[in-house]
Amino acid sequence: MKIGFVGCGNMATAIIGGILEKGILKKEDIKASTKTENSAKKVQETLGIECTTDNKKAVQDADVIFLAVKPQFCEEVIQEIKSEIKSEQVIISIAAGKKLEWLEAQFGAGHKIIRTMPNTPALVGEGITGVCPNKEVTERELEDALVLLRSFGRADTVTEKILDVVGAVSGSSPAFVFMFIEAMADGAVAEGMPRKQAYEFAAQAVYGSAKMVLETGMHPGELKDMVCSPAGTTIEGVGVLEERGMRSAVSESIRACVKKTKQL
Ligand SMILES: NC(=O)C1=CN([C@@H]2O[C@H](COP(=O)(O)OP(=O)(O)OC[C@H]3O[C@@H](n4cnc5c(N)ncnc54)[C@H](O)[C@@H]3O)[C@@H](O)[C@H]2O)C=CC1
Ligand SMILES: O=C(O)[C@@H]1CCC=N1
């Protein structure tokens with residue numbers, strides 16, 4: 001399989017890094033394009049793949065094309081490449097908020113388009129991607145796409161409406177988790193822990209806790225209760241987080257992301 005990336009910034013770099021790390025494809029099988037010569041050079045240096053500023057070159061001969069530019073640049077980029085796209089090529093869009101109906105209208109009728117929403121943990125093979133194909137995509141092509149998307153983490157099909165929620169709950173949420181880790185480490189540093197060690201302990205605690213949710217199938221509230229001893233230390237911290245509105249702040253931030261996605 002040969003794949004081409006139109007746009008190769010943070011998200012595409014994470015996906016390509018994940019694919020190469022797992023050895024699913026060789027560097028020679030992946031091409032990319034970026035806006036400037038400088039960014040193309042940087043991609044070539046960091047990922048070791050061919051990267052150009054010619055978008056058409058990135059999509060020619062590709063079996064799968066990733067549309068990986070910011071939503072506001074999708075239209076101009078599609079106009080540039082659409083004459084090159086053949087109906088047997090599978091187009092995977094990762095652009096937030098750009099609906100299948102809109103993508104179909106831009107590319108023209110009869111194209112195989114899969115709308116997806118990945119996240120940057122793809123870089124370390126721990127991504128999760130929401131996937132929604134259009135009617136032109138066959139079962140076999142969807143399966144092949146899922147194999148590719150699962151090479152850098154989990155991937156599952158969702159309805160298009162839910163894809164906007166995926167964008168928030170797993171697409172954007174790594175940013176919130178990084179803020180949480182940074183904040184916990186700040187507290188640890190304030191109490192005397194060296195900075196580097198604080199990041200390691202905080203990050204591993206988040207990683208292990210996430211693993212417990214995924215692997216035990218237990219309710220997050222029950223797992224929380226297991227940490228809170230009666231008259232213990234943890235419940236004191238829980239009290240502070242409740243008092244400062246942590247739950248509603250997090251929940252509302254997810255809803256703010258979904259609201260913004262609908263406006264894109
Ligand atoms: N960053 C993230 O965590 C996630 C991003 N996404 C989606 O991925 C897409 C890309 O986002 P990022 O990688 O974060 O953005 P970014 O700004 O890091 O990368 C965008 C890339 O597009 C290129 N580009 C811009 N104009 C171009 C043009 N005319 N022709 C060719 N290339 C062009 C830039 O050179 C850059 O390589 C967006 O649509 C976003 O919604 C989806 C899930 C998560
Ligand atoms: O912030 C953004 O627009 C992208 C979409 C999902 C995560 N990052």
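Keep in mind it's a predicted model, so treat the numbers as computed, not measured. (Residues numbered from 1 in each chain as written. Chains lettered and ligands numbered in written order. Predicted model: local features only at pLDDT ≥ 70, side-chain atom pairs only at ≥ 80, totals over all residues. Heavy atoms only, no water.)

Caption draft 1: Expanded view of the site of ligand 2. Every residue close to ligand 2 is listed here: Ala96, Gly167, Gly171 and Ser172. Here ligand 2 has 250 Å² of accessible area as a free molecule, and 48% of this is covered by the chains. Counted by class, the shell around ligand 2 contains one nonpolar, three polar and no charged residues. (Near = heavy atom within 4 Å. Areas by Shrake-Rupley, 256 points an atom, 1.4 Å probe, with all protein chains shown as cover. Nonpolar A, V, L, I, M, F, W, Y, C, P; charged D, E, K, R; others polar.)

Caption draft 2: Representation of the packing of helix α7 (residues 160–190) against helix α8 (residues 195–216). Direction vectors running N to C along α7 and α8 enclose 130°, while the axes themselves pass 8 Å from each other. When the interaxial angle is binned, α7 and α8 end up oblique. Both α7 and α8 take part in a crossing whose hand is right-handed. Residue-level contacts link Val177, Phe180, Ile181, Glu182, Met184, Ala185, Asp186, Ala188 and Val189 of α7 to Arg195, Ala198, Tyr199, Ala202, Ala203 and Val206 of α8. (Axes fitted to C-alpha atoms, helices over the stretch in contact; angles between N-to-C directions. Helix = DSSP H or I, 4+ residues; strand = E, 2+ residues; numbered from the N terminus. Parallel < 35°, antiparallel > 145°, perpendicular 65-115°, else oblique. Left-handed = near helix turned anticlockwise from the far one by under 90°. Contact = heavy atoms within 4.5 Å.)

Caption draft 3: Seen up close, a negative patch on the surface. A cluster of acidic side chains, namely Asp54, Glu75, Glu76 and Glu80, defines a negative patch on the protein surface. Looking at the secondary structure, you find Glu75 in helix α4 (residues 74–81). (Patch = residues over 30% accessible without salt bridge, like charges linked within 9 Å, V, L, I, M, F, W, Y side chains within 5 Å. Salt bridge = Lys/Arg side-chain N within 4 Å of Asp/Glu carboxyl O. Lys, Arg positive; Asp, Glu negative; His and termini not counted. Charge placed at Lys NZ, Arg CZ, Asp CG, Glu CD.)

The values reported here are purely geometric and, on their own, carry no functional implication.
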